Amino acid sequence: MKLFFAIASCTLSISASAAHPQAAKNVTSLTNKAVTYRVPKEHYVTLKAAEITAIIVDNEAVDIPELPGHKAGYNGVASLKHRKNGENLFVPNYAGLNFEHIHDGTKENLIEKFEPRKFPMELRVIDASTVELYQAATGNFQLESCGRYHLKQDGTIEYTFECIPRAETFQHGYIGLFWASYINAPEDKAIYFQGEPVDGGSPRLIRAVTPQHGVESVHVAKGTTRFPKVNEDFPLTLVLNRSKFVYTEASYYGLRDDLAFTQTFPDSKNLYMVQSPSGGGQGNPAWDFEWFIPDYKVGEAYGMTMTATYGPLNN
């Protein structure tokens, strides 16, 4: 922990005169009022393309034959199945690409650890392949947001997240956001990415395994010299504990049976890859990511896009 804070004592900053590098591209219905949608009666929508079937849910409980006993709070992709494996990739009660935390690195402001779970979300159907999860300004941090899940024809999930801070509630001057994917009992709990050891070594395919939850959990990009300020008593250990590796390509995958779940981050500015060996319960790792927005301004929109694929590794 001491090593982490020695490395991470500086806060992120950008030039005040330049356009914010993480400004929203006005893709979702939050930032683009030309986007039309309908609100379904149910709290879930099923999307299908190529060999993939995905069920997107808001943060209400769902209990249907395709998704029995899904718990409230766990939003995002509640079920992800490939034609070659009829079992849900994610822990059935939980979810993947699940909007999990809003924070500012302080314990005193973390009134609700899982703020996105606790305040209502609205499911918005854009078209047959696109669904959004809209959330009005949350009760604590006052962050309004919209996450768009678009299932492309080849089965790739393109996830776009846009948000607008509605009050100056983040103490350290940045917005901290976290997404979790709870993987259903894979034999191999490791994640794989192109990177290298922090203390030197040639670039290679890294097989990363964390010894326990919240220890050596965060993989930052090579060349990262600044990290958001996080107070020593901040309780979300998964957010702050840097690993012994850095990534050189903004993408990683994990294996379940003979299929790979790959997450790629083209908008990798201030984006870090995170893992836990037991985030989804014993035997169920979490393959996560977090994103920080420095020097935010109230009323301005910020956004990022990532993609997720599920299929044979060589595809």
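Residues numbered from 1 in each chain as written. Predicted model: local features only at pLDDT ≥ 70, side-chain atom pairs only at ≥ 80, totals over all residues. Heavy atoms only, no water.

What follows covers the packing of aromatic side chains. Under the defined criterion, the tally for this structure stands at 19 aromatic pairs. Between the aromatic rings of Tyr74 and Tyr182, the centroid separation amounts to 5.9 Å while the plane-to-plane angle is 80 degrees, which identifies the pairing as edge-to-face. Of this pair, Tyr74 sits in the loop between strand 4 (67-70) and strand 5 (76-82) while Tyr182 sits in the loop between strand 11 (174-180) and strand 12 (191-197), and the two are 108 residues apart along the sequence. Under the relative-accessibility criterion, Tyr182 is labelled buried at 5%. With a centroid separation of 5.3 Å and 25 degrees between ring planes, the pair formed by Phe99 and Trp179 is classed as stacked. Of this pair, Phe99 sits in strand 6 (residues 98-103) while Trp179 is found in strand 11, placing the two residues 80 residues apart along the sequence. (Phe/Tyr/Trp six-rings, centres within 6.5 Å; stacked < 30°, edge-to-face > 60°. Helix = DSSP H or I, 4+ residues; strand = E, 2+ residues; numbered from the N terminus. Buried < 20%, exposed > 50% of the residue type's maximum accessible area, 1.4 Å probe, protein only.)

What follows concerns the pairing of strand 4. Note: strand 3 (residues 62-64) against strand 4, two bridges, orientation antiparallel. Note on strand 4: the bridge partner recorded for Val62 is His70. (Pairing = 2+ DSSP bridges.)

Turning next to the environment of Ala167. By secondary structure assignment, the location of Ala167 is in the loop between strand 10 (157-165) and strand 11. A residue is classified by how much of its surface remains accessible, and Ala167, at 22% relative accessible area, is partly exposed. In this structure, the C-alpha to C-alpha distance between Ala167 and Val62, residues 105 residues apart in sequence, is 32 Å. If we ignore the near neighbours within four places in the chain, the residues touching Ala167 are Gln142, Tyr296 and Val298. (Contact = heavy atoms within 4.5 Å.)

It is worth spelling out the sheet that holds strand 1 (residues 44-49) at this point. With antiparallel pairing, three strands are arranged side by side in an open sheet as 1-2-5. Lying at the two open borders of the sheet, with one neighbouring strand each, are strand 1 and strand 5. On average, each strand axis in the sheet is inclined to that of its neighbour by 15 degrees, with strand direction left out of account. (Axes fitted to C-alpha atoms, helices over the stretch in contact; angles between N-to-C directions.)

Counting 53 residues, the largest nonpolar core has Leu80, Leu177 and Phe261 as the members making the most contacts within it. Top element by residues in this core is strand 20 (residues 302-311). It accounts for five residues. Setting aside residues up to four positions removed in sequence, Leu80 forms contacts with Ile52, Thr53, Ala54, Glu87, Asn88, Leu89, Phe90, Ile157, Phe261 and Tyr310. Judged by nonpolar contacts, the second largest core, of 23 residues, contains Tyr174, Ala180, Phe234 and Val246. (Core = buried A, V, L, I, M, F, W, Y, C linked by side-chain atoms within 4.5 Å.)

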